[in-house]
Amino acid sequence: MDELRIYYSHNPITYTLNKLIAQQNTNIPSQQITARGIKVEGAISVMDDGVWNIERTVTFLKTLLSINPLQKQLFHLFLPHTGYLLGKLIKISRKISCYSYVEEGQYSSNKTFEFQSQKEIDCNALLELLKEDNHLAPLGIHEEDVLSLNEINNFFYDCEHPKYRGAYSLSSNAFKGFPNVKRFKIDTPTERKIHFPETILVALSPLFQLLRSHPGHIKEIEANLIHLIQKSKCAQRSRKLVIKVHPQDLLWIEASESFKSFIQSLSNLGKQFHEIEFPDEVDHNVELAFLGFQYYLVIGQSSASIYLEQYVSFDDFEIMDIST
């Protein structure tokens, strides 16, 4: 039976890899699902894969079923990991015939064979929600499988399960020891054209948790962050800065006025990422290293550093770890 490929992208590297995979398989039916700020024409947008949240996970499954609700076509999922509730449901769903991993950053190197600590699921609540939405039969899930879901061992990456089809990466360290790994080689001079000369892209790691941990020091944190950016090696070369807020923080902007004000204060440094007009040939969703900025500054721990180290000259990027 034919399979429909589902490419799920929740950050720049997964989007970039899924795009490369799809370009090499244009004759195979597919649908793209995106999350966390990735917006693409023709793609279906979700908040995330649900993590351990039952309602959000069922919403993701509902999205899957909306793609071809009346067809018997099976799904082949291309996704970052199977570490949470969705991963367990993928393994018991007969509608989902197989899955392939796409590299998502550091986890793809340091969590490959690691047992994922799991949250106890309220299986009865999950079953009721699946029954309420009439999802059991379309997903090919039996009630007894749902009720025994907590017995399923949970790994962030599981290459030993019968549904595992393969893995895709850009980094040599990703998925080490896994069978059937395809590594893409990027022609850097072709892919990384400088479209924004003398311009620094400042990529911020999630800041909301930092501010929530130190609620009485928001102004101090704001001043220190601005000082770090202005005094960075890259900023000394040019004052043309573009600020890219982490997708997780974009959600908190709507939930907290003080945090929204904090993010707006960074606009004094330069334009926000969403304000930039990209040339038609530039896909603004791809991994940062290929976006066409001349310099890069990464604040905090970020997987972006992996790809900057591979594709950008050492003199043209800087990483500042603010966790210490």
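Look up: the structure comes first, before these words.
Report follows, based on the coordinates. Model, not experiment: these values are computed from the prediction.

A few points about the sheet that holds strand β6 (residues 164-169)
Here is step 1 of the chain: In space, the seven strands of this open sheet follow the order β3-β2-β1-β4-β5-β6-β7, with parallel pairing throughout. Edge positions in the sheet fall to β3 (44-46) and β7 (181-183), since each of these pairs with one other strand and no more. Geometrically, the sheet is characterised by an average inter-axis angle of 25° between neighbouring strands, direction not taken into account.
Here is step 2 of the chain: Pairing geometry for strand β2 (residues 30-35) and β3, over three bridges, is parallel.

Some details on a nonpolar patch on the surface
Here is step 1 of the chain: A grouping of Met47, Leu251 and Trp252 is seen on the molecular surface, where their side chains present a nonpolar patch of about 300 Å² in accessible area.
Here is step 2 of the chain: Locating Trp252 in the fold gives a position in helix α11 (residues 247-253).
Here is step 3 of the chain: Classification of Trp252 as partly exposed rests on a relative accessible area of 31%.

Thoughts on the packing of aromatic side chains
Here is step 1 of the chain: The final tally for this structure, using the stated rule, is 24 aromatic pairs.
Here is step 2 of the chain: Relative to Phe156, the ring of Tyr84 lies with its centre 5.8 Å away and its plane at 80°, an arrangement referred to as edge-to-face. Placement of Tyr84 in the loop between β4 (74-79) and α3 (85-92) and of Phe156 in the loop between α7 (143-147) and β6 is noted, with a sequence separation of 72 residues between them. Residues Tyr84 and Phe156 agree in their burial class; the two are buried.
Here is step 3 of the chain: By the ring-pair criterion, three or more aromatic residues cluster together here, those being Trp52, Tyr84, Tyr99, Tyr101, Tyr107, Phe113, Phe156, Tyr157, Tyr164, Phe175 and Phe178.
Here is step 4 of the chain: The ring of Tyr107 carries Lys111 above its face, with NZ or CZ at 5.0 Å from the centroid.

As for the sheet that holds strand β8 (residues 196-204)
Here is step 1 of the chain: As summarised here, the arrangement of the five strands in space is β10-β9-β8-β11-β12, forming an open sheet in which the pairing is parallel. A strand with exactly one partner marks an edge of an open sheet, and here the two such strands are β10 (271-272) and β12 (317-320).
Here is step 2 of the chain: Relative to strand β9 (residues 240-244), β8 runs parallel, the two being bridged by five bridges. From the neighbouring strand, Leu201 faces β9, where its bridge partner is Val242.
Here is step 3 of the chain: On top of the sheet, helix α10 (residues 218-230) reaches β8, β9, β11 (293-299) and β12; it is set at about 145° to β11, its chief contact.
Here is step 4 of the chain: This element, helix α13 (residues 304-311), spans β11 and β12 of the sheet and lies at about 155° to β12.

Quick notes on unusual backbone geometry
Here is step 1 of the chain: The backbone phi angle of Val51 is positive, close to 50°, even though this residue is not glycine.
Here is step 2 of the chain: Take Val51: it is sitting in the loop between β3 and α2 (54-67).
Here is step 3 of the chain: Taking the relative accessible area as the measure of exposure, Val51 reaches 27% and is therefore partly exposed.
Here is step 4 of the chain: Notably, Asn134 is not glycine yet its phi reads approximately 55°, a positive angle.
Here is step 5 of the chain: Considering the arrangement of structural elements, one finds Asn134 in the loop between α5 (123-132) and α6 (136-139).
Here is step 6 of the chain: Take Asn134: its relative accessible area is 60%, and that puts it in the exposed class.

What counts, and at which threshold
- Residues numbered from 1 in each chain as written.
- Predicted model: local features only at pLDDT ≥ 70, side-chain atom pairs only at ≥ 80, totals over all residues.
- Heavy atoms only, no water.
- Pairing = 2+ DSSP bridges.
- Helix = DSSP H or I, 4+ residues; strand = E, 2+ residues; numbered from the N terminus.
- Axes fitted to C-alpha atoms, helices over the stretch in contact; angles between N-to-C directions.
- Patch = residues over 30% accessible without salt bridge, like charges linked within 9 Å, V, L, I, M, F, W, Y side chains within 5 Å.
- Areas by Shrake-Rupley, 256 points an atom, 1.4 Å probe, with all protein chains shown as cover.
- Salt bridge = Lys/Arg side-chain N within 4 Å of Asp/Glu carboxyl O.
- Buried < 20%, exposed > 50% of the residue type's maximum accessible area, 1.4 Å probe, protein only.
- Phe/Tyr/Trp six-rings, centres within 6.5 Å; stacked < 30°, edge-to-face > 60°.
- Lys NZ or Arg CZ within 6 Å of the ring centre and 35° of its normal.
- Contact = heavy atoms within 4.5 Å.

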